[in-house]
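Listed here are the chains, written in short residue letters.
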Amino acid sequence: EHLLKLPFANDSNSLDKRFYGELLHIIGLTETKDGSKKLIERNKEGERNTGSFLENAIIQLDSLDKISRLENVSQFGATLQERLFNVGLELSITWINRILFLKLLEAQLITYHRSGRLTAGKGDKSYEFLSIDKIKDYDDLNSLFFQVLARKQNERNEDVKAAFSKVPYLNSSLFEPTDIEHSTIFISNLRNDKTLPIYSQTVLKDSTGKKRTGNINPLEYLFEFLSAYDFTSEGSEEIQEDNKTLINASVLGLIFEKINGYKDGSFFTPGFITMYMCRETIRKAVIQKFNSQDNDSSDLQSNRNDKFETIDDIYEAIGRKEFTRKQANEIINSLKICDPAVGSGHFLVSALNELIAIKNDLKILEDKTGKSLNRYEIEVVNDELIVTDEDGELFEYNPTNKESQRIQETLFHEKQAIIENCLFGVDINPNSVKICRLRLWIELLKNAYYIQDSVQTHCNASLAIPLELQTLPNIDINIKCGNSLISRYPLDANLKTALKSSKWSIESYRLAISTYRNTNDKNVKREMEKLILQIKQDFTSEIRKNDPLKSRMDKLANELYNRFTGNFLFEPQEQYSKKGTDLDKKRKKEQQKLETEIKELSKKIDEIKGNKIYENAFEWRFEFP
């Protein structure tokens with residue numbers, strides 16, 4: 001199929017062109033061709049709709065003069081129009097990211113309370129919250145982001161409690177204001193009196209079943225557009241009576257990968273390639289990791305002379321008690337996988353699925369009590385993680401069933417452990433970093449579960465159902481923005497020497513990271529952010545003292561001052577001071593050479609600082625062995 005360029009009939013990661021085109025229209029973008037490249041551009045003048053997210057944001061940015069107030073404004077472009085577009089696009093992607101994540105969350109909540117469990121019908125529609133009835137304008141949407149999803153139920157304001165009583169607190173950085181929002185505008189700054197013409201190839205239908213036309217409120221348009229698609233979890237084989245097209249997390253990643261590559265085009269690696277590469281490489285890495293274990297360790301229960309050749313060999317060793325399930329889990333969790341150009345995070349998601357599948361093959365998946373999940377089969381099919389029971393039935397989470405609750409909790413915490421300990425990524429594009437973090441949060445969301453300590457009796461059934469969804473960990477710290485092609489110092493440099501003059505140690509940094517990841521208290525999270533920043537600043541200050549580039553630049557600056565630009569104790573010899581002489585020309589040439597070299601060194605230092613290499617290398621070096 002790949003060589004013949006045939007479509008994969010079962011590829012759930014294929015781009016839905018109708019969804020993609022209409023979403024671009026709502027955002028305010030268009031796709032054009034430049035030779036073999038497909039580029040994303042702002043609509044041309046005369047074709048721009050002020051009701052689109054992008055144009056509405058640009059108008060507000062311009063009218064409030066927000067661009068001139070930004071620090072390092074040159075990173076957003078050379079001209080005012082470039083800067084307005086780039087800042088507006090970053091804000092629009094941030095807002096659409098949140099809304100699409102919430103659409104997936106809404107679909108999950110409805111699925112958890114579907115027919116045959118708690119309600120009559122296909123699902124409990126009271127769990128729907130992305131509609132114009134509940135979110136009438138951008139102010140309401142802003143409240144949903146920051147007053148509902150970013151706060152625990154008992155900390156919410158009274159004006160949002162009733163409307164969003166069934167929307168859980170998630171503890172995700174996705175619903176905290178970003179730096180660029182603090183510096184420019186929030187979604188509540190957008191004008192509510194705008195309308196947007198309906199896309200010519202729209203999925204929306206009128207009462208007669210024909211395509212809708214005319215203008216519509218942009219928020220109402222977005223909610224109706226998203227509701228026309230199926231955002232339920234992958235793997236379901238149920239017949240869809242409403243004939244909705246499935247939009248999964250991989251499709252969303254593909255779409256935003258294309259939007260992020262608007263300048264140079266983009267290449268989204270298809271699912272069958274990432275799945276194959278992860279299966280072939282990670283399984284070999286796992287075998288190598290087990291072979292590298294110290295056989296003489298007192299923790300191991302027997303010695304081994306033969307090397308493992310396959311995953312089956314490791315499985316048999318675990319069965320013979322050479323390794324316990326706990327030890328095997330720890331070995332796999334010690335693997336480090338880093339994507340240096342992470343994009344939408346597709347490779348990391350495939351790696352996550354493959355590691356879970358490997359643990360299943362080794363039968364080492366176990367719940368919080370140590371009980372095995374060996375009755376279940378977990379495999380990667382079509383680049384998606386599929387869970388079936390011993391009868392071949394697809395697993396579906398039911399919060400009122402103890403066994404279902406056990407499986408869901410185990411899968412959630414296994415994914416969390418792998419994401420926190422094993423998966424790392426970097427990208428030079430800040431929007432890609434946001435989308436990668438979103439993809440990993442979505443993978444956790446697929447196995448989000450209700451906390452059993454928080455229950456109430458359902459009004460239509462004599463069942464005690466939990467109300468509080470397990471919060472998402474702060475996994476954003478593993479995905480960083482930076483340029484992975486340049487480095488500040490040798491990779492084998494001793495980091496301990498860089499911290500020897502400060503009060504911090506590697507252990508204190510790791511403790512701060514661990515606390516940051518797992519806390520759901522915002523005050524603690526802020527304190528950890530400050531502590532992590534302080535440790536990194538001390539580290540970078542120490543590194544800069546011994547920076548060979550800076551030392552070289554200082555030496556050249558001293559030479560320039562002493563020889564050419566400073567106050568001379570004695571005047572230059574007469575022959576040097578006469579203009580136009582050969583010696584004068586030679587002197588000017590030497591001065592110009594020094595000034596040019598100083599300028600180049602200064603540019604290199606500023607470039608490295610701007611790419612945040614200190615932070616990237618610092619954090620990953622502490623995580624990697």
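Throughout this document, residue positions are counted from 1 along each chain, in the order its sequence is written. Reporting in this predicted model follows two pLDDT cut-offs: at least 70 for local features of residues, and 80 or more for side-chain atom pairs to be given and counted; totals over whole chains, interfaces and linings ignore these cut-offs and use all residues. Water and hydrogen atoms play no part in the side-chain values, which are based on all heavy atoms of the structure.

*Asks:* Which residues make up the overall build of the chain, and what values go with them?
*Replies:* In terms of regular secondary structure, the chain is built from 21 helices and 13 strands. Only protein chains enter the accessibility calculation, which uses a 1.4 Å probe; a residue is then buried when its area is under 20% of its type maximum, exposed when over 50%, and partly exposed in between. Within the span of the chain, comprising 625 residues, buried residues form 50% of the whole. In this analysis, two residues are considered to be in contact whenever any of their non-hydrogen atoms come within 4.5 Å of each other. Residue pairs in contact within the chain that sit at least 24 positions apart in sequence constitute 70% of those at least 6 positions apart. Think of it this way: any DSSP run of H or I at least four residues long counts as a helix, any run of E at least two long counts as a strand, and we number them from the N terminus.

*Asks:* Break down the pairing of strand β1 (residues 29–34) for me, with residues and values.
*Replies:* The pairing criterion for strands is at least two bridges between them, as found by DSSP. As defined by bridge partners, β1 adjoins strand β2 (residues 37–42) across six bridges and the pair is classed as antiparallel. Bridge pairing links Lys 33 to Lys 38 in β2. What sits between β1 and β2 in their antiparallel hairpin is a turn of two residues, with Gly 35 showing a positive phi close to 70°.

*Asks:* Let's hear about the packing of helix α9 (residues 271–291) against helix α12 (residues 346–361): which residues, and what values?
*Replies:* Contact pair α9 / α12: the axes reach a minimum separation of 9 Å and the direction vectors enclose 50°. Judged by the angle between their axes, α9 and α12 are oblique. Judged by the sense of rotation from one axis to the other, the crossing of α9 with α12 is right-handed. In this structure, α9 contributes Gly 271, Thr 274, Met 275, Met 277, Cys 278, Arg 279, Ile 282, Arg 283 and Val 286 to the contact, and α12 contributes His 346, Phe 347, Ser 350, Ala 351, Glu 354, Leu 355, Ala 357, Ile 358 and Asp 361. What counts as an axis is a line fitted to C-alpha atoms, over the stretch in contact for a helix, and the angles between N-to-C directions run from 0 to 180 degrees. Each angle gets one of four labels, with under 35 degrees taken as roughly parallel, over 145 as roughly antiparallel, 65 to 115 as roughly perpendicular, and the rest as oblique. It is the rotation of the near helix from the far one that decides the hand of a crossing: anticlockwise by less than a right angle makes it left-handed, clockwise makes it right-handed.

*Asks:* Please give an account of the packing of aromatic side chains that cites residues and values.
*Replies:* Classification of ring pairs rests on two measures: the distance between centres of Phe, Tyr or Trp rings, Trp counted by its six-membered ring, which must be within 6.5 Å, and the angle between planes, read as stacked under 30 degrees, edge-to-face over 60 and tilted in between. Taken as a whole and judged by the stated rule, the model has 15 aromatic pairs. Aromatic side chains Phe 19 and Phe 225 sit 5.0 Å apart centroid to centroid with 25° between the ring planes, which places their arrangement in the stacked category. Of this pair, Phe 19 sits in helix α1 (residues 17–27) while Phe 225 sits in helix α7 (residues 218–227), and the two are 206 residues apart along the sequence. The residues Phe 19 and Phe 225 share a single accessibility class, namely buried.

*Asks:* Tell me about the pattern of salt bridges, and please be specific about residues and values.
*Replies:* Oppositely charged side chains can form a pair if their charged atoms are brought close together. Whenever Lys or Arg places a side-chain nitrogen within 4 Å of a carboxyl oxygen from Asp or Glu, that contact is recorded as a salt bridge. Under the counting rule described, the total for this entry stands at 24 salt bridges. A salt bridge links Lys 434 to Glu 90; its shortest N-O distance comes to 3.1 Å. Taken together, the positions of Lys 434 in helix α14 (residues 430–445) and Glu 90 in helix α3 (residues 80–112) put the pair 344 residues apart, joining distant regions of the chain. Judged by relative accessible area, which is 18%, Lys 434 ranks as buried. Here Asp 361 makes a salt bridge to Arg 283, at a shortest N to O gap of 2.9 Å.

*Asks:* Outline the environment of Glu 597, supporting the account with residue identities and numerical values.
*Replies:* Along the chain, Glu 597 turns up in helix α20 (residues 582–610). Owing to a relative accessible area of 25%, Glu 597 belongs among the partly exposed residues under this scheme. Spatially, the C-alpha atom of Glu 597 lies 8.1 Å from that of Met 553, the residues being 44 residues apart in sequence. Here Glu 597 is in contact with Arg 552 and Leu 556, once residues within four sequence places are set aside.

*Asks:* Describe the sheet that holds strand β13 (residues 479–481), naming the residues involved and giving the relevant values.
*Replies:* The three strands lie next to each other as β7-β10-β13, forming an open sheet whose pairing is parallel. The sheet is open, and its two borders are formed by β7 (337–339) and β13, each paired with just one other strand. Averaged over all adjacent pairs, the angle separating strand axes in this sheet is 15°, with direction ignored. Sheet topology note: the β7/strand β10 (residues 423–427) ladder contains three bridges and is parallel. Bridge pairing in β10 links Ile 337 to Leu 423. With respect to the sheet, α14 is in contact with β10 and β13, its orientation differing from that of β13 by roughly 170°.

*Asks:* Just give me the short version of helix α13 (residues 402–422), but keep the residues and values in it.
*Replies:* The end-to-end C-alpha distance of α13, which contains 21 residues, comes to 30 Å, matching closely the 30 Å that a straight helix rising 1.5 Å per residue would cover. With 17 of 21 residues buried, α13 is to be regarded as a mostly interior element. N or O atoms within 3.5 Å of each other form a polar contact, as long as, within protein, one can give a hydrogen and the other can take it, and as long as residues adjacent in sequence are counted only when both atoms are side-chain atoms. Regarding α13, its N-cap is Asn 401, as a side-chain oxygen of that residue lies 3.0 Å from the backbone nitrogen of Glu 403 further along. Helix span, expected: 1.5 Å multiplied by one less than the number of residues in the helix.

*Asks:* So what's going on with the packing of α12 against α14? Which residues, and what values?
*Replies:* With their axes 9 Å apart at the nearest point, α12 and α14 run at an angle of 25° to one another. Classified by the angle between their axes, α12 and α14 sit roughly parallel to one another. Here α12 runs over α14; the crossing is right-handed. Taken together, the residues of α14 that come into contact with α12 (itself represented by His 346, Leu 348, Val 349, Leu 352 and Asn 353) are Cys 436, Arg 439, Leu 440 and Glu 443.

*Asks:* Kindly report on the confidence of the model for the chain, identifying the contributing residues and their values.
*Replies:* In low-pLDDT regions, the fine details of the predicted coordinates are not to be read closely. Model confidence for the chain is summarised by a mean pLDDT of 80, while 78% of its residues fall at 70 or above. Values of pLDDT, ranging from 0 to 100, describe the predictor's confidence in every residue of the model. No element of the chain has a lower mean pLDDT than strand β11 (residues 455–457), at 46, and none a higher one than helix α2 (residues 53–63), at 96. Note that residues 296–302 has pLDDT below 50 and, in this model, twelve contacts with residues that lie over four places away or in other chains. Below pLDDT 50 for its whole length, residues 611–618 participates in 32 contacts with residues either more than four positions away or in separate chains.

*Asks:* Outline the pairing of β10, supporting the account with residue identities and numerical values.
*Replies:* Counting buried positions along β10 gives five out of five residues, so the element sits mostly inside the fold. Along β10, one buried face is formed by Leu 423, Gly 425 and Asp 427 and the opposite face, lined by Phe 424 and Val 426, is buried too. Where β10 meets β13, three bridges bridge the pair, whose relative direction is parallel. Counterpart to Val 426 in the pairing with β13 is Lys 480.

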